[in-house]
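Chain by chain, the residues run as shown.
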Amino acid sequence: MIYKNKEIGLIINVVDALLSNIIDIGIQHYPNEFGGFLIGNYSNNQTQLNITDTILPNKYKATPYLFERDTIGIEDKLKNYYNENPKKYYVGEWHTHPNNLPIPSGTDISAINSIVNHKDVSITNPVMLIIGCNEAKIELGFYVQFKNKLYRYE
């Protein structure tokens, strides 16, 4: 699946099977929120982000309105992706919004800003996938933090 934002010119390409898998994982945790890490890489000219994998947290807290994940045990998994050819690395996060729209909450915006400003995170434009879901409908929202502004993809 390809997502575009004409204003900033960055394309996001997500492997369809991965997107289906992420949605299935999120639905399994319904009615609580759930999420994980997005893994991928950029094209040589930095205009396309390829999201290829996800890492699920080993430890987390979840309610219908909250998801807090820990990073315990994630570093080794990230190193394995980085050692692949081509290299893959952390590019952002995904989580569900049960019985709600895929629109960033204040907590989501704070979280993505903390990622941008974290001393151990080398990505300056993290992406966020929010999956709005209920028993009848699933809606996706892809966002990227770019130059201190959050942009939505179509």
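Above: the structure in question.
Everything numeric in this text was worked out from a predicted model, so none of it was measured.

Colleague: When you look at the packing of aromatic side chains in this model, what are you seeing that I'm missing?
Modeller: In this description, a pair of aromatic rings is defined by centroid distance and the angle of the planes. Taken as a whole and assessed by the stated rule, the structure comprises 7 aromatic pairs. Summarising the aromatic geometry, the rings of Y3 and F142 are spaced 4.7 Å apart at their centres and angled 50 degrees between planes, so their arrangement reads as tilted. With Y3 in strand β1 (residues 2-5) and F142 in strand β9 (residues 138-146), this residue pair connects regions lying 139 residues apart in the sequence. Both residues of the pair, Y3 and F142, count as buried. Taking 4.9 Å as the distance between ring centres and 80 degrees as the angle between the ring planes, the aromatic pair formed by F34 and Y60 counts as edge-to-face. In this pair, F34 sits in the loop between α1 (16-28) and β3 (35-42) while Y60 sits in strand β5 (residues 60-63), placing the two residues 26 residues apart along the sequence.

Colleague: I'm lost on the sheet that holds strand β7 (residues 89-98) in this one. Help?
Modeller: Hydrogen bonds along the backbone pair up the strands of a sheet, which may run parallel or antiparallel. Read across the open sheet, the 8 strands follow the order β1-β2-β4-β3-β7-β8-β9-β10; overall the sheet is mixed. The open sheet has two free edges, formed respectively by β1 and β10 (149-152), since each of these has just one partner strand. On average, adjacent strands in this sheet sit at an angle of 30 degrees to one another, irrespective of strand direction. One ladder, built from 7 bridges, connects β7 with strand β8 (residues 127-133); its direction is parallel. The residue of β8 that forms the bridge with T96 is I131.

Colleague: Please clarify how the layout of surface pockets should be interpreted in this entry.
Modeller: Over the atoms, a rolling probe the size of a water molecule traces out where space has been left empty. The calculated volume of the largest pocket comes to roughly 1,100 Å³. Sorting the residues of the lining of the largest pocket by element identifies β6 (66-69), α2 (74-82), β7, α3 (106-117) and β8 as the ones contributing at least two each. If one sorts the elements of the lining of the largest pocket by residue count, β7 sits on top with 7 residues. Looking at the lining of the largest pocket, its residues break down into 19 nonpolar, 9 polar and 9 charged.

Colleague: I tried to follow the pairing of β5 on my own but got confused; where do I start?
Modeller: Taken residue by residue, a regular strand's side chains alternate between the two faces of the sheet. Taken together, the 4 bridges between β5 and β6 define a ladder with antiparallel strand orientation. In the strand pairing of β6, Y60 is matched with R69. Counting the residues that bridge the hairpin from β5 to β6 gives 2 residues.

Colleague: Is there a simple way to explain the pattern of salt bridges in this structure?
Modeller: Between side chains of opposite charge, a pair can form when the charged atoms approach closely. Scanning all chains against the criterion turns up 6 salt bridges. K88 is the partner of E84 in a salt bridge, and the nearest nitrogen-oxygen pair spans 3.2 Å. Residue class for E84 comes out partly exposed when judged on its relative accessible area of 31%. On the basis of relative accessible area, K88 is assigned to the buried category, the value being 15%. Members of the salt-bridge network, linked through shared partners, are D53, E84 and K88.

Quick notes on the rules
Numbering of residues begins from 1 in every chain and follows the order in which that chain's sequence is written. At least 70 in pLDDT is required for a residue's local features to be given in this predicted model, at least 80 for side-chain atom pairs to be given and counted, and no such filter applies to totals for whole chains, interfaces and linings, which use all residues. Heavy atoms throughout the structure, all of them, feed into the side-chain values; hydrogens and water do not. Classification of ring pairs rests on two measures: the distance between centres of Phe, Tyr or Trp rings, Trp counted by its six-membered ring, which must be within 6.5 Å, and the angle between planes, read as stacked under 30 degrees, edge-to-face over 60 and tilted in between. In this text, helices come from DSSP runs of H or I with a minimum length of four residues, and strands from runs of E with a minimum of two, each type numbered from the N-terminal end. Relative accessibility decides the category of a residue: with a 1.4 Å probe and only protein chains considered, values under 20% of the type maximum give buried, values over 50% give exposed, and everything between is partly exposed. We call two strands paired when DSSP finds no fewer than two bridges between them. A fitted line through C-alpha atoms represents every axis, and for helices the fit uses only the stretch in contact; the resulting angles, taken between N-to-C directions, go from 0 to 180 degrees. The definitions used throughout rest on a 1 Å grid laid over the protein atoms alone, on which a cavity is an enclosed set of points accommodating a 1.4 Å probe that cannot get out and a pocket is an open set flanked by protein within 12 Å on both sides along at least five of seven lines; lining residues are those having an atom within 4 Å of a point. Grid points are joined across faces, edges and corners, and a volume is the space filled by probe spheres set on the points. Residue polarity follows a fixed list, in which Ala, Val, Leu, Ile, Met, Phe, Trp, Tyr, Cys and Pro are nonpolar, Asp, Glu, Lys and Arg are charged, and the others, Gly among them, are polar. The salt bridge definition used is simple: a Lys or Arg side-chain nitrogen within 4 Å of an Asp or Glu carboxyl oxygen.

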